[in-house]
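A closer look at the structure
Next come the chains, spelled out residue by residue.
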Amino acid sequence: MTGFSISWLDLREKADFAARNKQLLIQALAWLRAGYDALAVNIIVVDLGAGTGSTLRAMSALNFSLGVNHILWRLVDQDGDLLDTALLRHGKTCQIEDYQADLTVIEELPLAGARLVTASALFDLVSGDFVDKLVVRIAHHRTGIYAALNYDGTTTWTPTHPLDKAVLAAFNLDQRCDKGFGLALGPDATGYLKKILENSGYTVLVGSSAWLLTAEDHALVSELISGIARAVAVGYGLDADALKDWEIFRLKHAQLGTCTIGHQDLLALPA
Ligand SMILES: C[S@@+](CC[C@H](N)C(=O)[O-])C[C@H]1O[C@@H](n2cnc3c(N)ncnc32)[C@H](O)[C@@H]1O
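Residues numbered from 1 in each chain as written. Predicted model: local features only at pLDDT ≥ 70, side-chain atom pairs only at ≥ 80, totals over all residues. Heavy atoms only, no water.

Below, the discussion takes up the packing of helix H8 (residues 218–232) against helix H9 (residues 240–252). With their axes 9 Å apart at the nearest point, H8 and H9 run at an angle of 170 degrees to one another. By the angle class used here, H8 and H9 are roughly antiparallel. Along its contact with H8, which presents Ser222, Ile225, Ser226, Ile228, Ala229 and Val232, the element H9 presents Leu243, Trp246, Glu247, Arg250 and Leu251. Within the contact of H8 with H9, the residues separate by chemical class into seven nonpolar, two polar and two charged. (Axes fitted to C-alpha atoms, helices over the stretch in contact; angles between N-to-C directions. Helix = DSSP H or I, 4+ residues; strand = E, 2+ residues; numbered from the N terminus. Parallel < 35°, antiparallel > 145°, perpendicular 65-115°, else oblique. Contact = heavy atoms within 4.5 Å. Nonpolar A, V, L, I, M, F, W, Y, C, P; charged D, E, K, R; others polar.)

Here we come to the layout of surface pockets. One water molecule sets the probe size; rolling that probe over the atoms shows where empty space is left. Reported here for the largest pocket is a volume of approximately 1,300 Å³. Taken together, 45 residues make up the lining of the largest pocket; nearest its centre are Phe4, Trp8, Arg12, Ala121 and Leu125. Take the lining of the largest pocket: its biggest share by element is six residues, from H8. Of the residues that constitute the lining of the largest pocket, the class distribution is 19 nonpolar, 15 polar and 11 charged. (1 Å grid on protein atoms, 1.4 Å probe; cavity = no way out; pocket = protein on both sides within 12 Å on 5 of 7 lines; lining within 4 Å. Points joined across faces, edges and corners; volume = space filled by probe spheres on them.)

Below, the discussion takes up the pairing of strand S4 (residues 114–120). Across the seven residues of S4, six count as buried, placing the element largely inside the fold. The pairing of strand S1 (residues 43–48) with S4 spans five bridges and is classified as parallel. If you follow Val45 over to S4, its bridge partner there is Leu116. (Buried < 20%, exposed > 50% of the residue type's maximum accessible area, 1.4 Å probe, protein only. Pairing = 2+ DSSP bridges.)

The step from Thr158 to Pro159 runs through a cis peptide bond, and the omega angle for that step is -10 degrees. Tracing the sequence through the fold places Pro159 in the loop between strand S5 (144–158) and helix H6 (164–174). Even without a glycine there, the phi angle at Arg142 is positive, about 55 degrees. Along the polypeptide, Arg142 turns up in the loop between helix H5 (128–140) and S5. Phi is positive for Leu149, which is not a glycine, with a value near 60 degrees. Assignment of secondary structure puts Leu149 in strand S5.

Structure follows, in structure tokens:
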């Protein structure tokens, strides 16, 4: 297990789907369609940190022009339970190869023949070194990359609370801690990816994919609040009582207020 439970991934999926930048998603699908039209062979998509298949679901939902049968999905994740769930949910309707593997072993990632590498809610966890090495591999094969839902460091709440700014600053520091790949890019993920990909000859498009959460999303918002409070409790100089007050205030308003969390999606295609 890696700490990403099926229940947490399910809880965030509705907000993720609504937030995904549809223009970039449609352009990613057009890139797959063009590959199929040119070669008339199945198109390979490699989803890194696939979880239970959120990107497969999002792309399938908008895939009006390329039959699902023409896409072979390689789902890569280190968590076998998540991959089993993806297979259970989609194994009968989609072509799926599952790879239980550690993404940090970049040279062994099953990228051969891929038209597109995808990921969602992954690149803010990885390091600059991971991006550098991955981009060398994909650029060599002129593979496109679609990286969705990268946290951008912005969070706004209504109603506001006096500790919001301090909690956000601490949370953004925590986002840069090692998440298994070396020091994480956190809120710098999209900017860093864009720079490295442009330097490698890619045309890069970036679009907003913010979570706009309201009372309807109170279950997700409540989990989020508790997760943030846990993440910043130690090591960031926040007074424990003040943080508790913040958490209680936020939980009390989860069904009344709003929460906007900034994310960015990126699509990079070889020029
Ligand atoms: C935030 S979740 C996103 C899952 C999925 N893409 C989604 O949007 O629902 C991050 C995923 O990356 C996987 N992951 C994290 N570190 C990994 C590593 N070093 N190797 C392989 N998978 C990893 C986790 O198991 C988890 O499924």
